[in-house]
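# Structure at a glance
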Amino acid sequence: VATSVKAIQMLKDAGFKVNCHIMPGLPGSSAARDIKMFKELFSNPNFQPDWLKIYPCVVVPGSALENIWRNKKFKPYTDKQMISLLAKIKPIIPEYVRVTRLYRDIPSNSILAGPKISNLREYVQREMHKNGLKCRCIRCREIKDFIVDPKNLELHIQRYEASDGLEYFLSFDDIKQNKICSLLRLRFPSNFFKKAGCAKHFLPELNNCAIIRELHTYGLQIPVSERGELAVQHLGLGRKLLTEAESLSRDAGFSHIAVISGVGARDYYKKFGYQLKSTYMIKKLVLGF
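Summarised in this report is the structure supplied together with it. (Residues numbered from 1 in each chain as written. Predicted model: local features only at pLDDT ≥ 70, side-chain atom pairs only at ≥ 80, totals over all residues. Heavy atoms only, no water.)

### Focus on the nonpolar core
Ranked by size, the top nonpolar core spans 67 residues in total, and within it Leu52, Leu184, Leu186 and Ile212 carry the most contacts. Ala14, Cys209, Tyr280 and Ile282 belong to the second-largest nonpolar core, a separate cluster that totals seven residues. (Core = buried A, V, L, I, M, F, W, Y, C linked by side-chain atoms within 4.5 Å. Buried < 20%, exposed > 50% of the residue type's maximum accessible area, 1.4 Å probe, protein only.)

This is the structure:
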């Protein structure tokens, strides 16, 4: 666990998104312990993943678990038990987390025991709806192809401590449809809070840098030449989020801001004054007036 905690911190401090895999229903666990485990994942600052894959524990041929199960020392959850459990867990997941997967792609005829429903997410959503519960994760709130009226967009900023650093989750949300249209993950890394901000980053190019770990706009993908009036793309939301992130970083005393960026997105950041340094796009912030 200590090694995982350290790895998560280093990845975040280097600007990466962290996708944790978690498995409810392991031997020795219970519904109560699994719920406690999920709460720990998002209440303990040492973890706080950005993305999440939930893999229910199943028994497959040839595994060590098969022998334990055949000797009647392990009883996995049924489909009904897993649906009930996940319907209680999903509302716990914060707005800044994306649940990328809710089931492992194992053919049902290769599962000896345990949950076998491949479209588990659909069943869980039905169970939640029946009980008046909603999931707040990014995937459940993506705008997708919904029509957006810019007048309904609001900037939301959520601040939370994670991995000895400080995170800001910025998003433009359609408040009428309760949908997320654009997001930015900003991190003040752990070294900034040591020795009054004087500690060196383990990557020299990131010294005194706030870090943008993700910038994404959801909705229909539209070419730049085809600006749809009600399309989320090309409303300038990314630029507005960048400006807000730079302002927060400047106010906190950072001299630079860095973006972890794929090659294909670097030209986008160049338009806003970012320059390539090592593998990051970095911009100098003007402090004070």
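From this point, things continue past the structure.
### What about the pairing of strand β2 (residues 51-54)?
The side chains of a regular strand alternate, first on one face of the sheet and then on the other. Inspection of the sheet shows strand β1 (residues 19-22) paired to β2 by four bridges, in the parallel sense. Directly across from His21, in β2, lies its bridge partner Lys53. Crossover handedness for the path β1 to helix α2 (residues 31-43) to β2: right-handed. Two elements, β2 and strand β3 (residues 98-101), share three bridges in a ladder whose sense is parallel. Pairing of Lys53 across the sheet is with Arg101, part of β3. (Pairing = 2+ DSSP bridges. Helix = DSSP H or I, 4+ residues; strand = E, 2+ residues; numbered from the N terminus. Right-handed = clockwise from strand over helix to strand, strands pointing away.)

### Focus on the sheet that holds strand β8 (residues 256-260)
Taken in spatial order, the seven strands make up an open sheet running β4-β5-β6-β7-β8-β10-β9, and their pairing is mixed. Lying at the two open borders of the sheet, with one neighbouring strand each, are β4 (153-162) and β9 (275-277). For this sheet, the mean angle separating the axes of adjacent strands, direction not counted, is 30°. Across nine bridges, the pairing between strand β5 (residues 165-174) and strand β6 (residues 179-188) is antiparallel. From the neighbouring strand, Phe172 faces β6, where its bridge partner is Ser182. Sitting on the sheet, helix α1 (residues 2-13) is in contact with β4, β5, β6 and β7 (209-217), with an inclination near 105° to β6. (Axes fitted to C-alpha atoms, helices over the stretch in contact; angles between N-to-C directions. Contact = heavy atoms within 4.5 Å.)

### Notes on the packing of α2 against helix α4 (residues 79-89)
The angle between the axes and the distance between the axes are what describe a pair of packed helices. Relative to each other, α2 and α4 sit at 30°, their axes nearing to 10 Å. Between α2 and α4, the crossing angle belongs to the class labelled roughly parallel. Crossing handedness for the pair α2 and α4: right-handed. Only Leu85, Lys88 and Ile89 of α4 make contact with α2, whose side of the interface consists of Ala31, Asp34, Ile35 and Phe38. Considered class by class, the residues forming the contact of α2 with α4 number five nonpolar, no polar and two charged. (Parallel < 35°, antiparallel > 145°, perpendicular 65-115°, else oblique. Left-handed = near helix turned anticlockwise from the far one by under 90°. Nonpolar A, V, L, I, M, F, W, Y, C, P; charged D, E, K, R; others polar.)

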